Amino acid sequence: MKSFMLVLTLLFSTTAIAATPPIGIVIHGGAGTIERSQMSSEQQQRYEATLAEALNKGYELLAAGGSSLDAVTLAVTVLENSPLFNAGKGAVYTWDETHELDAAIMTGHDRNAGAVASVTTVKNPILLARAVMEKSDHVMLTGKGAEQFALSQKLEQVDNRYFNTEFRYEALKRAKQAQQPLPHQAAIVTDPNWKMGTVGAVAIDEKGNLAAATSTGGMTAKRWGRVGDVPVLGAGNFADNTSCAVSGTGHGEYFIRYNVASDICARVKYQDKNAALAAKEVIAELLQAGGTGGVIVVDAQGELSWAFNTPGMYRAKRNEAGTVIEIFADDSEKPGN
């Protein structure tokens, strides 16, 4: 009898260990017309180094027993502090030559969430979104009210000029010129990258909890207080332990209309689909509808994946199997990736 009980104990213990999903994290720095011919080797190295820094800091936190929530917060903060990406320091310009930033964060075990939109003086909008989730009775705060709340939480404030960068200003000038055609011009083709650009992270921790965090400066030359998909839960950011966690980047209006992030997780939950396949399906349907962009995904089993329909997406992932850092679409065709 004792031998039988010992066998049962070992069986259940082994099953429990095997059922524990591995820790892992995926990050992105935006999708768009990112082509090798347009990027020097020095520029590529800078992007890859910043992606590696954000990825490794998030993963090391997970490896030390930290939560997926803390990991995605840390990773996105690193990306917000870099001028390379359209979030935080590198945010694009509005039509009025200022910066308006959005962010969202969500935890999968309880589907708690926080989001902010159109903030102008908070250095790290992702920290404000987390404060909304943890320190308020609300889910989304906007504009001046969000900034007043940030002051009450003693989050770091900056002058709006902190977000100024020369190459983003040049992009604004090109966007304005393209939107003011001469009378004889029938049409002007605008750069699709003016409509996208985001950073994000999704992760799974040792307890199997999922989390997603996303931050953006929005679209170049946006007007009238335009808000994109990032703070709209289910559009650009979503997490649910029963399915997956998603962070998106792309043309926000399409992500909102097609409810991209939660649609991926719904297909996993209700159609029993693999998360990577669900992401590819949704992004393919988005392209058919005229929208461009991409997503990063982690599911409840710890599988890390991404899908995008653009020439490139700044992306990286790390788990017990190793680290992958990619930029261009054909990077995925390399052996071992």
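Description of the structure in this document. A quick note: this is a predicted structure, and the numbers were derived from the prediction, not measured.

**Regarding the packing of helix α4 (residues 125–135) against helix α5 (residues 143–152)**
So, point 1. Put simply, α4 and α5 touch, their axes get as near as 10 Å, and they point 75 degrees apart. In this view, α4 runs roughly perpendicular relative to α5, as classed from their interaxial angle. Facing α4, whose interface residues are Leu 128, Ala 131, Val 132 and Lys 135, α5 presents Ala 146, Phe 149 and Ala 150.
So, point 2. Residue composition of the contact of α4 with α5, grouped by class: six nonpolar, no polar and one charged.

**A few points about the state of the cysteines**
So, point 1. Counting across every chain of the model gives one disulfide.
So, point 2. Here Cys 244 pairs with Cys 265 through a disulfide, and the sulfurs are 2.2 Å apart. Judged by the sign of its S-S torsion, about -115 degrees, the bond between Cys 244 and Cys 265 is left-handed. Remark: Cys 265 occurs in helix α8 (residues 260–271) and Cys 244 occurs in strand β8 (residues 244–250); sequence separation between them is 21 residues. Per residue, the accessibility class of Cys 244 equals that of Cys 265, and both read buried.

**Notes on the packing of aromatic side chains**
So, point 1. Applying the stated rule across the entire model yields five aromatic pairs.
So, point 2. Geometrically, the ring pair formed by Tyr 47 and Phe 85 is edge-to-face, given 5.4 Å between the ring centres and 70 degrees between the ring planes. One end of the pair, Tyr 47, is in helix α2 (residues 41–63); the other, Phe 85, is in the loop between α3 (68–80) and β2 (101–107), with 38 residues separating them in the sequence.
So, point 3. You can call Tyr 47 buried: its relative accessible area is 11%.
So, point 4. Of the residues examined, Phe 85 reaches a relative accessible area of 1% and is grouped as buried.
So, point 5. The interplanar angle of 80 degrees and the centroid separation of 5.7 Å between the aromatic rings of Phe 85 and Tyr 314 together place this pair among those described as edge-to-face. Of the two residues, Phe 85 sits in the loop between α3 and β2 while Tyr 314 sits in strand β11 (residues 312–319), which places them 229 residues apart along the sequence.
So, point 6. Taken together through their ring pairs, the aromatic side chains of Tyr 47, Phe 85 and Tyr 314 make up a single cluster.
So, point 7. Sitting above the plane of the Trp 306 ring, Lys 317 keeps its charged end 4.9 Å from the centroid.

Thresholds, definitions, all that
- Residues numbered from 1 in each chain as written.
- Predicted model: local features only at pLDDT ≥ 70, side-chain atom pairs only at ≥ 80, totals over all residues.
- Heavy atoms only, no water.
- Axes fitted to C-alpha atoms, helices over the stretch in contact; angles between N-to-C directions.
- Helix = DSSP H or I, 4+ residues; strand = E, 2+ residues; numbered from the N terminus.
- Parallel < 35°, antiparallel > 145°, perpendicular 65-115°, else oblique.
- Contact = heavy atoms within 4.5 Å.
- Nonpolar A, V, L, I, M, F, W, Y, C, P; charged D, E, K, R; others polar.
- Disulfide = S-S within 2.5 Å.
- Buried < 20%, exposed > 50% of the residue type's maximum accessible area, 1.4 Å probe, protein only.
- Phe/Tyr/Trp six-rings, centres within 6.5 Å; stacked < 30°, edge-to-face > 60°.
- Lys NZ or Arg CZ within 6 Å of the ring centre and 35° of its normal.

By themselves, these observations are geometric and do not establish any function.
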